[in-house]
Every structure is written in structure tokens, then in C-alpha cells.
Amino acid sequence: MRHIISILMENEAGALSRVAGLFSARGYNIESLTVAPTEDPSLSRMTLVTRGTDDIIEQITKQLNKLIDVVKLIDMTDGPHIEREMMLVKVHASGDRRTELKRLSDIFRGRVIDVTDESYTIELTGAGEKLDAFLQALDQGVIIEVVRSGVSGIARGDRSLKI
């Protein structure tokens, strides 16, 4: 099962490396990883996506909690949450194809953020499934390049990751 783990950690050099090392040493895979400072410059928030059974996820969270840099963590899939990802897609756009690509972008609520004579760069945000669906809707021969940000997420309601 897919899990989104959000970690509040000290904003220090090497903290990201220690988390990545924990995963690689135990043979766990990180599907997505985002990290940035919070409103408190001494803390960073890391959001990672991984897959595993409940036992494996429990083991991962226990090991993460043992790391000295980790202040607090939550498995966001344990409750209601909001997740978003951003994607930039550069596509071949010439002739009649330009109108079709613009229409498809509009259907998925994307924005064309760069235009040249031969290409469009389209920005989309949303759940990963939406971004995957957009890529599937495109003719694969039209795609030049794809860049994805990874998942960012926040718990809904009163649940939060604060110290």
C-alpha cells in the first residue's frame, strides 16, 4: 500500500542524507521526496512517498523516529489529507496539433506557460492520478520532456504536524 509520510526535522546539513541512508540500508524504496524549510527556519518539512505493508511502514516510522534530526512525523494516509504534485510537460506543438494540445491542457486545468514555434510547456497541478491521466491522454510521440515535483501533502481538519 502507498503511504505518505510527513516529517518535521531540524534544518541541518546531512539530515536528508540520513533519511535516504535509512531507506537504502533497509532496502526500502522512496517513490517521491520533497523537502523545504517551514515558517520556522530551524525546521524543514519532508514529505516522502513509499510503499509497503503495515508492518513495513510501522518499521520505517520507528526507524525514522530514532533519527536525531527527526522532531515529529505522521503517516498522512492514516487520516484525511490533501496531496498535490506539480508537473511541467514540454510537448511538440506545431500546426493543427497546437489547438488540440491547448484544448487538452484546458480540460485538465493546465496552463501553457511557455510557447515557441515548435513547442508548448504545460504546467499542471493536482493529485498524481490526474497527472498520470494527462500523460496517458497525450500521444506519446508528442512528449519532449516531463518534470514532476513529487508529492506535497497536508492533513485535513485539526490534525497537523507542529511541535
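A brief look at the structure comes next. (Residues numbered from 1 in each chain as written. Predicted model: local features only at pLDDT ≥ 70, side-chain atom pairs only at ≥ 80, totals over all residues. Heavy atoms only, no water.)

### What to know about the overall build of the protein
Our working rule: In DSSP terms, a helix is any run of H or I states spanning at least four residues, a strand is any run of E spanning at least two, and both are numbered starting from the N terminus. Note on classification: 1.4 Å probe, protein chains only; a residue is buried when its accessible area is under 20% of the maximum for its type, exposed when over 50%, partly exposed between these limits. Between two residues, a contact is recorded if the distance between any of their heavy atoms is within 4.5 Å. All tallies of charge rest on Lys and Arg as positive and Asp and Glu as negative; His and the ends of each chain are not included. A charge is said to be at NZ when it belongs to Lys, at CZ for Arg, at CG for Asp and at CD for Glu.
When its secondary structure is counted, the protein shows 4 helices and 9 strands. Scanning the protein from its N terminus toward the C terminus, one meets helices and strands in the order β-α-β-β-α-β-β-α-β-β-α-β-β. Considered along the principal axes of its C-alpha atoms, the protein spans approximately 55 × 35 × 30 Å. Among the 163 residues that make up the protein, the fraction classed as buried is 39%. Once local pairs closer than 6 in sequence are excluded, the contacts in the protein between residues at least 24 apart make up 74%. For the protein, the separation between the mean place of its 21 positive charges and that of its 25 negative charges on side chains is 2 Å.

### A closer look at the packing of helix α1 (residues 15-26) against helix α2 (residues 54-66)
Two numbers describe a pair of packed helices, the interaxial angle and the distance between the axes. Rule in force here: To obtain an axis, a line is fitted to C-alpha atoms, over the contacting stretch when the element is a helix, and the angle between two such axes runs from 0 to 180 degrees between their N-to-C directions. Angles below 35 degrees are treated as roughly parallel, those above 145 as roughly antiparallel, those between 65 and 115 as roughly perpendicular, and all remaining angles as oblique. Two helices cross in a left-handed way if the nearer one is turned anticlockwise from the farther one by less than a right angle. They cross in a right-handed way if the turn is clockwise. The residue classification treats Ala, Val, Leu, Ile, Met, Phe, Trp, Tyr, Cys and Pro as nonpolar and Asp, Glu, Lys and Arg as charged. All others, Gly included, are polar.
Where α1 contacts α2, the axes come no closer than 10 Å and their chain directions differ by 140°. Overall, the two elements α1 and α2 adopt an arrangement that is oblique. With respect to the hand of their crossing, α1 and α2 are arranged in right-handed fashion. In contact with Val19, Leu22, Phe23 and Arg26 of α1, α2 contributes Ile60, Gln63 and Leu64. Of the residues that constitute the contact of α1 with α2, the class distribution is 5 nonpolar, 1 polar and 1 charged.

### Examining the pairing of strand β1 (residues 2-10)
To keep it simple, the criterion reads: For two strands to be treated as a pair, DSSP must find at least two bridges joining them.
Burial within β1 is extensive, with 7 of its 9 residues counted as buried. Pairing of β1 with strand β3 (residues 43-51) involves 9 bridges; the strand directions are antiparallel. Counted as the bridge partner of Leu8 is Arg45 from β3. Sheet analysis places β1 next to strand β4 (residues 70-75), joined by 5 bridges and oriented antiparallel. The residue bridging Ser6 from the neighbouring strand is Ile74, located in β4.

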